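# Coordinates in review
Listed below are the residues making up each chain.
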Amino acid sequence: MSSSHSSSPTTTFRMLPVAVKIQACVVYARVAGNEALQVAFERIARSFQVGLATAQKIADLPLQDIVDKVRFSSPRGESAMHYLLLARAVAPTPADLPPELIAILKAGCDPRALVDLVHVVAVAQMLHRLYVALFADKDEDDKETQHSSNEDA
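Residues numbered from 1 in each chain as written. Predicted model: local features only at pLDDT ≥ 70, side-chain atom pairs only at ≥ 80, totals over all residues. Heavy atoms only, no water.

Attention now goes to the overall build of the protein. Looking only at helices and strands, one finds 7 helices and 0 strands in the protein. Secondary structure elements in the protein, listed N-terminal to C-terminal, are α-α-α-α-α-α-α. Taken across its 153 residues, the protein has 35% of its residues classed as buried. Expressed as a percentage of contacts within the protein between residues at least 6 apart in sequence, the contacts between residues at least 24 apart total 76%. (Helix = DSSP H or I, 4+ residues; strand = E, 2+ residues; numbered from the N terminus. Buried < 20%, exposed > 50% of the residue type's maximum accessible area, 1.4 Å probe, protein only. Contact = heavy atoms within 4.5 Å.)

Following this line, the structure appears as structure tokens:
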């Protein structure tokens, strides 16, 4: 039985593994600076026994370092690292992705998995925006209350 695809299922992500999706959400929350969202995603990661060290390091990388890491991380094509690096790159805004990064990922990653990742990050972004819209004022009020009680002490 022959197939028109040369890669095996073990080397190509058609849909992202749950662990990579969770790590991508942690990357997004950390880049967005939303501590509550980050804590929530980290709890989910622990419940699925997903390691977070790599995701946390990637979240702290500058954009140019991401392009270099993708370029040199896996000469044979895609890896989970590629998707986490892409999550970091799209976190501020997908509109500002460097063309070089797009070309590298397009050449080495399954398009369906790329779309899957962008959807996952979009959901994390929506949760972040909802959190800010619903709780940002409350968080500021709590900080002011804490600050004034510290001054009174």
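Here the focus is the pattern of salt bridges. Counted under the stated rule, the structure contains 3 salt bridges. With a closest N to O distance of 3.1 Å, Arg30 and Asp60 form a salt bridge. Placement of Arg30 in helix 1 (residues 18-32) and of Asp60 in the loop between helix 3 (53-59) and helix 4 (63-73) is noted, with a sequence separation of 30 residues between them. (Salt bridge = Lys/Arg side-chain N within 4 Å of Asp/Glu carboxyl O.)

Looking now at a nonpolar patch on the surface. The grouping of Val123, Met126, Leu127, Leu130, Leu134 and Phe135 at the surface amounts to a nonpolar patch, some 540 Å² of accessible area in total. One can find Leu130 in helix 7 (residues 111-152). (Patch = residues over 30% accessible without salt bridge, like charges linked within 9 Å, V, L, I, M, F, W, Y side chains within 5 Å. Areas by Shrake-Rupley, 256 points an atom, 1.4 Å probe, with all protein chains shown as cover.)

We now examine the side chain of Gln23. Examined against the element boundaries, Gln23 turns out to sit in helix 1. Not counting residues within four places of it along the chain, the set of residues in contact with Gln23 comprises Val50, Gly51, Leu52, Ala55 and Leu84.

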